[in-house]
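A structural walkthrough
Single-letter residue listing:
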Amino acid sequence: MPREILPGLHWFYEPGPDRTEMVTGDGDGPDWYDPDGDVYIPQCAYLFEGDDETLLFDTLSPASREEILSDVEAALDGRDLDYLVISHPDVPHAGNAMALLDAYPEAELVAPRYGNDHELYHLDDALHVGEGDSIDLGGFVLDFHEATFLDAPVSVWMSERTNDMLLPVDWMGYPHAEHEMLSFVDELDHDLDLGRLLQFHGRVLFWHQYVDVEKVQREIDWLVDHYDPEWILPAHGLVVRENPTEYMDLMKDVVAEINERDRIGILG
Amino acid sequence: MTRHVTDDVQWLTVCYPHEDAHEHVSVYLIEHDGSYILVDSGSFHHEEQLAAAIEEATDGAGIDAIILSHSDYPHSGNISEFREEWDDVELVASSGSPEIQGLSDARRCIIGEDLDVLGRTFNFIDPPLADRSHTTWIRDSESGVLFTADGFGNYHAPGECEQLSSEFEDAVPEQAVYEFHRDNLVWLQYVDPDKLRTALDEIFDDHDVSAIAPIHGNPTLAEDVPVALDRLERAAARIAEEYDVPTVEDA
């Protein structure tokens, strides 16, 4: 199920299972919760169609294999896929890489240069990218970065230079109501707040329980200053196109909150 | 390539080279009343070696269940192949979204709870040393072996591939523990070592552990556990000390 964010930039979305129990617990749920619908923490992938070349960032999970293949085909509308970028080799991100490479055998597989276990993920022959590497598609220019907050050591973040977009992969994820699916955050009736961000990061980046909070908060300050994006395109949330640095800044409170709690659950 | 950690727990040790050192990508085999339970399935890289080791260790019977620590490919890479090789192999996994993780028919184990697998009780423990959200540490309640997935890993020298901690001159070296965790649990660059140690101590206070059984390291036997904990804490502290957050002026 896609949405075209900008001309030539397609957002592919996989809702995954219903996460209602995660956000309601024993109570009524947060203000954004709609009892008439499900709750999702999605997987997202992004297709950039440049003037000259095309690039897909991540592949969704194997549960959406047919959907991602048909959505990419429809979006490309006869064009070739030139690059398939794997942010990190976890199943919900890389689970359809082989199927996509089978469908687009001319596409170049692009993988993080970080970590040292590439051969265990079939990534040893990929084009390895990291800080300082770029791919110019014509119109869209993708820059690669060492991932700051991550799970797998073989990870990379990406930004898009022309539109000041940051793709922080497993950072800045959060749940949303079914009726909010494929909305931009500025289109929501309820704001993206600490509670939503906590539900995701308290599970996926659970290790914030054991960190020096002040050190992580300084890192977030640096990210805000360094990237200062106009857009955030997360792998597990909705696209942010207004005031993204406010939400990045909010992550400092999220980290402090996780650090005060026991493990709130798991995801994945 | 097969070592007994306890009478009924065997380490099927396989590894691959990282420059001058090696990294284990092992699995463990538990025998229980004539059945065999595999902890993790290893990497596709070692499929043939592991299948042959299982055949030999089980006298041709094969495995009856796989308990998965997490779905990362070096741990889950041979699930389909082994379930095709041997009939009726039950899969147990902590994932709450098995279809998203490619584990659609897994029986779920809940982290923080116990589960009976083929008549044997396993404790599923929230791991302070992990990177994926659904990672579980697995304690075999009968043997007391604690399977720690990515935690307590270490690189090793080429001649140390099949050594237990007691066969090193002074247990598993701290430098090897440091290097592995630096490279693989990247978040440790932000760790508060005291918080980590407190969480680890709680686990070891609550459970009798006869051996620490990492997937990516040499097993540590009970007598070496205290020194392993101290070395891990110091390694984590060193990783954090060596990482400076860039200043805003550097941006």
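Right, let's walk through the structure included here. Because the structure is a prediction, the values reported are computed rather than measured.

**Considerations on the interface of chain A and chain B**
With 37 residues of chain A at the contact, the number on the chain B side is 36 residues. Counting only elements with at least two residues in the side of chain A that touches chain B, the list comes to helix H3 (91-94), helix H5 (194-204) and helix H6 (213-227) of chain A. Among the elements that line the side of chain A that touches chain B, the one with the most residues is H6 of chain A, at eight residues. Grouping the amino acids of the side of chain A that touches chain B by side-chain chemistry returns 20 nonpolar, six polar and 11 charged.

**What about the sheet that holds strand E1 (residues 2-6) of chain B?**
All names here are of chain B. The strand order E1-E2-E5-E6-E7-E8-E9 describes an open sheet built from seven strands, whose pairing is mixed. Where the open sheet ends on each side, the last strands, each with one partner, are E1 and strand E9 (107-108). Two strands pair when backbone bridges link them, and strand E6 (residues 35-39) and strand E7 (residues 65-68) are joined in this way by three bridges, in the parallel orientation. Following the sheet pairing, Val39 is matched in E7 by Ile67. Contacts from helix H1 (residues 47-57) reach E1, strand E2 (9-12) and strand E5 (27-32) within the one sheet, and its direction differs from that of E2 by about 150°.

**Quick look at the packing of helix H5 (residues 193-206) of chain B against helix H6 (residues 225-242) of chain B**
Residue and element names in this part refer to chain B. The N-to-C vectors of H5 and H6 enclose an angle of 155°; their axes lie 9 Å apart at closest approach. Viewed along their axes, H5 and H6 adopt a mutual orientation that is roughly antiparallel. Judged by the twist between their axes, the crossing of H5 over H6 is right-handed. Across the interface between the two elements, Pro193, Leu196, Arg197, Leu200 and Phe204 from H5 touch Val225, Leu229, Glu233, Ala236, Ala237 and Ala240 from H6. Taken together, the residues of the contact of H5 with H6 break down into nine nonpolar, no polar and two charged.

**Concerning the sheet that holds strand E16 (residues 220-221) of chain B**
All names here are of chain B. Read across the sheet, six strands follow the order E10-E11-E12-E13-E15-E16 without closing on themselves; strand pairing throughout is mixed. The open sheet terminates on both sides in strands that have one partner only, identified here as strand E10 (114-117) and E16. Two elements, strand E13 (residues 145-147) and strand E15 (residues 211-213), share three bridges in a ladder whose sense is parallel. Directly across from Val145, in E15, lies its bridge partner Ala211.

Criteria and thresholds
Residues numbered from 1 in each chain as written. Chains lettered and ligands numbered in written order. Predicted model: local features only at pLDDT ≥ 70, side-chain atom pairs only at ≥ 80, totals over all residues. Contact = placed C-beta atoms within 7 Å. Helix = DSSP H or I, 4+ residues; strand = E, 2+ residues; numbered from the N terminus. Nonpolar A, V, L, I, M, F, W, Y, C, P; charged D, E, K, R; others polar. Pairing = 2+ DSSP bridges. Axes fitted to C-alpha atoms, helices over the stretch in contact; angles between N-to-C directions. Parallel < 35°, antiparallel > 145°, perpendicular 65-115°, else oblique. Left-handed = near helix turned anticlockwise from the far one by under 90°.

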